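Chain and residue survey
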Amino acid sequence: MKAAVMKAVNEMVVEEIPEPEVEPGGILVEVKACAICGSDVRTLRHGSAHVTPPRVLGHEVAGIIKAVGLGTSGYSVGEAVTVAPAIGCGVCEYCRHGITNMCPNLETIGFEFDGGFAEVMAVPAKAVQQGHVNRIPQGLSFEEAALAEPLACCINGQSFLDIRLGQTVAVIGAGVIGLFHTELALLKGASRVFVIDIVPERLEHAATLGKNVVTINSNEADPVEEILSQTGGQGVDVVIVACPVGEAQNQALQMVARRGRVSLFGGLPQGKSKGYLDSNLIHYKEVGVFGAHASTAAQNRLALKILAEGKIAARRYITHTYPLPQIMEGVRAVEKGEALKVIIKP
Ligand SMILES: [Zn+2]
Ligand SMILES: [Zn+2]
């Protein structure tokens with residue numbers, strides 16, 4: 001089968017490799033769409049502690065069940081599915097409480113396992129057993145369904161933030177993740193969402209999400225001053241940092257209201273994560289600061305439902321589609337910042 005294999009940092013080759021075998025209890029998926037995530041590009045360019053090349057990347061996957069392993073129950077060949085990629089051990093304290101994304105032995109498709117930039121992808125038995133293979137609801141295309149994965153991660157990140165009717169939210173970073181956060185905040189009843197970025201095209205996209213969205217170009221205006229002045233000096237109830245920039249984390253603490261909540265949704269590059277937060281702002285303003293990492297199979301199902309019911313229109317986020325042999329063009333489109341979501345079709 002054809003697959004895009006990461007051989008080393010900065011080296012990805014589309015080549016013929018043996019089709020994976022289906023393990024007992026596992027499933028094989030014929031990949032129909034796999035979206036490129038920012039983390040795929042980061043892994044290709046800088047490596048990842050969780051990826052040992054050669055490895056097939058890609059974890060935002062939708063396809064058709066091609067084969068079921070010996071003893072696999074509940075699924076049949078031909079079903080359209082997505083796969084929630086972050087797989088817990090299933091037996092630890094976290095997994096038993098359903099927060100599988102916090103499993104200390106978390107293994108992820110497209111990182112520790114070969115992923116979806118290939119014609120066929122194997123789903124391990126432990127993923128099938130724990131409900132990570134989710135049927136795509138009617139009316140949703142494979143391309144749209146692939147976006148359930150990043151949306152599920154945003155749902156997880158917001159699960160801590162208690163965004164309520166009439167509250168104000170700021171989202172720093174207007175990539176797909178920031179825009180998903182904006183849409184989710186509006187769905188929860190936020191009366192105003194400030195979206196901050198430096199790329200005019202991204203802000204234009206954000207502005208199309210409705211009249212309750214206020215865009216701020218932080219190259220033109222200081223986002224902290226802007227938000228304080230537009231909220232009567234109070235700041236916003238919730239800030240979501242949806243970019244990998246340390247200074248943005250600091251700005252978040254300055255623009256959040258007293259008793260507000262801040263999500264450090266975007267992780268910082270390895271070795272560059274220290275020295276940004278002013279802990280006295282957290283202390284005196286009684287701010288809650290939350291992390292976010294991956295998502296669970298249940299959150300993937302919830303994301304699929306929200307997309308299928310049209311609460312969020314996945315289609316508007318898909319700006320580029322490439323066949324597998326042209327995956328590097330897709331990577332470059334992501335790097336240039338011209339793309340929202342790039343879909344690879346094997
Ligand atoms: Zn991702
Ligand atoms: Zn576990």
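What you see is a predicted model, and the numbers here were worked out from it, not measured in a lab.

It is worth spelling out the coordination of the zinc ion (ligand 1) at this point. Each protein donor to the zinc ion (ligand 1) is listed here as C37 (SG), H59 (NE2) and E60 (OE); together their distances run 2.1 to 2.6 Å. All donor residues of the zinc ion (ligand 1) come from one chain, and their arrangement in sequence is C-x21-H-E. One end of the pair, C37, is in the loop between β3 (27-35) and α1 (38-46); the other, H59, is in the loop between β4 (55-56) and β5 (60-68), with 22 residues separating them in the sequence. For the residue pair C37 and H59, the accessibility class agrees, reading buried in each case.

Glancing now at the environment of E220. Here E220 lies in the loop between β13 (213-217) and α8 (223-230). Note: C-alpha distance between E220 and G139 (81 residues apart in sequence) is 42 Å.

Bringing the environment of P104 into the picture now. Here P104 lies in the loop between α2 (93-96) and β8 (107-108). Accessibility expressed as a relative area gives 60% for P104, which makes it exposed. Between the C-alpha atom of P104 and that of C89, which follows or precedes it by 15 residues, the distance is 8.3 Å.

Turning to the sheet that holds strand β1 (residues 2-8), a few remarks are in order. Ordered in space as β2-β1-β4, the 3 strands form an open sheet in which the pairing is antiparallel. At either margin of the open sheet sits one strand with a lone partner, and together these are β2 (11-16) and β4. Of the strand pairs in this sheet, β1 and β2 are connected by 6 bridges, and their pairing is antiparallel. In the sheet register, A3 faces β2, and the bridge partner there is E15.

The next subject is the coordination of the zinc ion (ligand 2). Listed as protein donors to the zinc ion (ligand 2) are C89 (SG), C92 (SG), C95 (SG) and C103 (SG); their distances from the metal cover 2.3 to 2.4 Å. For the zinc ion (ligand 2), the 4 donor atoms in the first shell make angles of 103 to 116° at the metal, so the coordination geometry reads as tetrahedral. When the donors of the zinc ion (ligand 2) are listed by position in the chain, the intervening gaps give C-x2-C-x2-C-x7-C. Judged by its relative accessible area of 25%, C89 falls in the partly exposed class.

Under the UniProt annotation, "domain: Enoyl reductase (ER)" (unreviewed entry) lies at residues 7-344. The span residues 7-344 is 30% helix and 25% strand, and its two end C-alpha atoms sit 19 Å from each other.

Hydrogen bonds between backbone groups are what pair the strands of a sheet, and the pairing can be parallel or antiparallel. Read across the open sheet, the 6 strands follow the order β13-β12-β11-β14-β15-β16; overall the sheet is parallel. Edge positions in the open sheet fall to β13 and β16 (288-290), since each of these has one partner strand only. Averaged over all pairs of adjacent strands, the angle between strand axes in this sheet comes to 20°, irrespective of strand direction. Relative to β13, strand β12 (residues 192-197) runs parallel, the two being bridged by 5 bridges. Pairing of F194 across the sheet is with V214, part of β13. Strand contacts of helix α9 (residues 246-255): β11 (168-172), β12, β14 (236-241), β15 (256-263) and β16, with the helix running at about 150° to β15, the strand carrying the most contacts.

This part takes up helix α12 (residues 327-336). Among the residues of α12, I327, M328, G330, V331 and A333 are the ones counted as buried. Tucked into the core, α12 has its buried residues touching β1, β2, α1, β17 (318-323) and β18 (341-345).

What characterises a pair of aromatic rings is the spacing of the ring centres plus the angle enclosed by the ring planes. This model, assessed by the stated rule, comprises 2 aromatic pairs. Their ring planes at 10° and their centres at 5.9 Å tell us that F160 and F290 sit as a pair that is stacked. Here the residue F160 occupies a position in the loop between α5 (148-158) and β11, and F290 occupies one in strand β16, the gap between them amounting to 130 residues. The exposure class assigned to F290 is partly exposed, which follows from its relative accessible area of 28%. Ring plane angle 70° and centroid distance 4.9 Å describe the contact between F180 and Y317, whose orientation is recorded as edge-to-face. Taken together, the residues span a long stretch of sequence, with F180 in helix α6 (residues 176-187) and Y317 in the loop between α11 (297-308) and β17 at a distance of 137 residues. Both residues of the pair, F180 and Y317, belong to the buried class.

Summarising the sheet, β3 and β5 pair through 8 bridges and their orientation is antiparallel. In the sheet register, A33 faces β5, and the bridge partner there is A62. The sheet contact formed by β5 and strand β6 (residues 80-83) spans 3 bridges and is antiparallel. Residue pairing in the sheet places G63 in a bridge with V81 of β6.

Moving on: the layout of surface pockets. Rolled over the atoms, a probe with the dimensions of a water molecule shows which regions are left empty. Its volume calculated, the second largest pocket comes out at about 220 Å³. Along the wall of the second largest pocket there are 19 residues; nearest its centre are P20, E21, D114, M121 and A122. Of all the secondary-structure elements, those providing two or more residues to the lining of the second largest pocket are β3 and β9 (120-123). Top element by residues in the lining of the second largest pocket is β9. It accounts for 4 residues. Per-class residue counts for the lining of the second largest pocket are 15 nonpolar, 1 polar and 3 charged.

What counts as what
- Residues numbered from 1 in each chain as written.
- Chains lettered and ligands numbered in written order.
- Predicted model: local features only at pLDDT ≥ 70, side-chain atom pairs only at ≥ 80, totals over all residues.
- Heavy atoms only, no water.
- Donors = N, O, S within 2.8 Å, 3.2 Å for Na, K, Ca; no water.
- Helix = DSSP H or I, 4+ residues; strand = E, 2+ residues; numbered from the N terminus.
- Buried < 20%, exposed > 50% of the residue type's maximum accessible area, 1.4 Å probe, protein only.
- Pairing = 2+ DSSP bridges.
- Tetrahedral: all angles 85-135°; square planar, octahedral: opposite > 155°, others 65-115°.
- UniProt positions renumbered as here; feature names shortened; annotations may be inferred.
- Axes fitted to C-alpha atoms, helices over the stretch in contact; angles between N-to-C directions.
- Contact = heavy atoms within 4.5 Å.
- Phe/Tyr/Trp six-rings, centres within 6.5 Å; stacked < 30°, edge-to-face > 60°.
- 1 Å grid on protein atoms, 1.4 Å probe; cavity = no way out; pocket = protein on both sides within 12 Å on 5 of 7 lines; lining within 4 Å.
- Points joined across faces, edges and corners; volume = space filled by probe spheres on them.
- Nonpolar A, V, L, I, M, F, W, Y, C, P; charged D, E, K, R; others polar.

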